[in-house]
Amino acid sequence: MSAGPAENRSEGANASLHKPVLLASFLAAVGPKPGQRWIDGTFGRGGHTSALLEAGAEVLGLDRDEAAVQVAEEVRQRWPERFSWMRRNFAEMEISARDAGWGGGVDGVLLDLGVSSPQLDVAERGFSFRLEGPLDMRMDRREGVTAAQLVNELPETDLANMIYEYGDERQSRRIARALVARRERRPFVSTLDFAEVVAGAVGRPRIGGVHPATKVFQALRIAVNHEREALLAVLPQALKILKPQGVLAVISFHSGEDRQVKSFMRQHANEWLDTPEHPQSFRNPKHYFSDVRRYLPTNEEMAENPRARSARLRVAWRNEVPYAN
Ligand SMILES: C[S@@+](CC[C@H](N)C(=O)[O-])C[C@H]1O[C@@H](n2cnc3c(N)ncnc32)[C@H](O)[C@@H]1O
């Protein structure tokens with residue numbers, strides 16, 4: 001996942017300001033109905049989940065972050081019959097569906113990638129370059145390696161590659177060099193200190209209010225949380241558990257993850273394959289999606305909700321072909 005630059009998604013501490021991204025487009029595209037079973041793999045603050053519940057669907061919410069626990073409890077109290085919840089990585093989607101008694105398949109899967117404001121706004125989580133906190137960034141603090149451990153221990157080339165690949169940051173080598181030079185004197189511990197060193201290495205001023213460390217924070221968050229790996233793991237599972245005519249909807253904020261989603265959907269949407277190995281066109285045995293579409297935020301939504309600026313929604317409809325491993 002990359003949510004785009006993480007701070008694009010911050011909406012302040014006030015929960016009432018929370019606006020689910022591309023909600024209207026999502027609802028118009030998928031048309032949720034009473035009786036449908038949906039998995040929201042990125043429950044967050046339950047914005048999309050609540051809309052699905054209001055439309056009469058049943059929802060299983062997943063989120064690996066402790067920040068989602070309390071909101072999920074509130075949603076469960078409101079919709080005890082139709083909402084259930086697990087604190088899990090969405091990379092465990094297939095087993096989660098089975099554990100929920102939904103082994104027979106689901107009508108829809110939603111992924112709204114990235115992080116949300118409860119994560120960004122709490123300084124001690126270490127996601128924000130605006131707030132002083134430990135350089136942590138783990139969505140699930142029960143496991144894994146912190147951002148500080150990564151920047152203090154990764155070899156310089158790996159650091160540069162991570163910053164380039166997950167942050168789309170062209171000055172990755174220069175930044176990695178500066179990080180290594182600094183950590184040799186004093187290891188990184190806190191967000192603001194780290195942000196300052198990155199800003200010094202980038203050497204460019206804030207452009208349009210965007211902090212020079214934005215992309216590096218994003219890259220680090222993606223690496224710490226193995227976001228690309230989780231996305232790679234969940235897509236085939238989502239496809240596998242979708243019923244015929246079911247829908248997979250993914251909202252992404254970063255070109256790298258959007259490419260991953262697009263390529264996965266296309267790979268299963270082409271009815272015919274025409275490759276160098278098979279010069280004569282033949283039917284794609286894994287043609288599982290009958291239709292694939294992309295939705296972008298409207299100008300109105302971008303004006304209303306700056307977090308939506310870099311968002312893209314991709315929706316794929318499952319066809320009737322039985323799934324084969
Ligand atoms: C952008 S927010 C979702 C917001 C939500 N759609 C709403 O309307 O409130 C993304 C959420 O996904 C969660 N998340 C990200 N990667 C995850 C993963 N691999 N497994 C489970 N949850 C994940 C984050 O913890 C965060 O709460």
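Every chain is numbered on its own, with residues counted from 1 as its sequence reads. Confidence filtering applies because this is a predicted model: local features only for residues at pLDDT of at least 70, side-chain atom pairs given and counted only at 80 or more, and all residues used for totals across whole chains, interfaces and linings.

*Asks:* How would you sum up the overall build of the protein? Please name residues and give values.
*Replies:* Assigned secondary structure in the protein consists of 13 helices and 9 strands. Against the compact-globule benchmark of 20 Å for 325 residues, the protein has a radius of gyration of 20 Å, which places it among compact chains. Oriented by its inertia axes, the alpha-carbon framework of the protein measures out at about 60 × 55 × 40 Å. Taking all 325 residues of the protein together, 47% fall into the buried category. Note on contacts: each residue gets a C-beta atom placed from the backbone, and two residues are in contact if those atoms are within 7 Å. For the protein, the share of sequence-separated contacts (at least 6 apart) that also reach a separation of at least 24 residues comes to 68%. In DSSP terms, a helix is any run of H or I states spanning at least four residues, a strand is any run of E spanning at least two, and both are numbered starting from the N terminus. The globule rule used for comparison is 2.2 Å times the number of residues to the exponent 0.38, while the radius of gyration itself is calculated over C-alpha atoms. With C-beta atoms placed from the backbone, a residue is buried if 20 or more other C-beta atoms are within 10 Å of its own, exposed if 12 or fewer are, and partly exposed between those counts.

*Asks:* Summarise the packing of helix H8 (residues 172-185) against helix H9 (residues 191-202); cite the residues concerned and give the values.
*Replies:* Only the stretch in contact is used when fitting a helix axis, every axis being a line fitted to C-alpha atoms; angles between N-to-C directions are given from 0 to 180 degrees. Relative orientation of the contacting elements H8 and H9 amounts to 135°, with a least axis distance of 9 Å. On the basis of their axis angle, the class for H8 and H9 is oblique. The element H8 and its partner H9 pack so that their crossing is right-handed. On H9, the residues touching Arg174, Ile175, Ala178, Leu179 and Arg182 of H8 are Val197, Val198, Gly200, Ala201 and Val202. Along the lines of polarity and charge, the residues of the contact of H8 with H9 split into 7 nonpolar, 1 polar and 2 charged. Roughly parallel refers to an angle under 35 degrees, roughly antiparallel to one over 145, roughly perpendicular to one between 65 and 115, and oblique to any angle outside these ranges. Crossings are sorted by hand: turned counterclockwise from the far helix by less than a right angle, the near helix makes the crossing left-handed, and turned clockwise it makes it right-handed. All residues other than Ala, Val, Leu, Ile, Met, Phe, Trp, Tyr, Cys, Pro, Asp, Glu, Lys and Arg, Gly among them, are scored as polar; the first ten of these are nonpolar and the last four charged.

*Asks:* I'd like to hear about the site of the ligand, residue by residue, with values.
*Replies:* Taken together, 23 residues surround the ligand, and among them Thr42, Gly44, Arg45, Gly47 and Asp65 come closest. By residue class, the composition of the shell around the ligand is 9 nonpolar, 9 polar and 5 charged. Should the C-beta atom of a residue, placed from the backbone, lie within 6 Å of a molecule or strand, that residue is near it.

*Asks:* Explain the sheet that holds strand S2 (residues 58-62) to me, and be specific about the residues and the numbers.
*Replies:* In this analysis, strands are considered paired if DSSP registers two or more bridges between them. Spatially, 7 strands are ordered S3-S2-S1-S4-S5-S9-S8 in an open sheet, and the strand pairing comes out mixed. At either end of the open sheet lies a strand with only one pairing partner, and these are strand S3 (83-86) and strand S8 (289-295). Adjacent strand axes in the sheet meet at a mean angle of 15° when their direction is disregarded. Note: strand S4 (residues 106-112) against strand S5 (residues 242-252), 6 bridges, orientation parallel. From the neighbouring strand, valine 106 faces S5, where its bridge partner is leucine 242. Sheet contacts for helix H12 (residues 255-267): S5, S8 and strand S9 (312-318); angle to S9, the most-contacted strand, approximately 20°.

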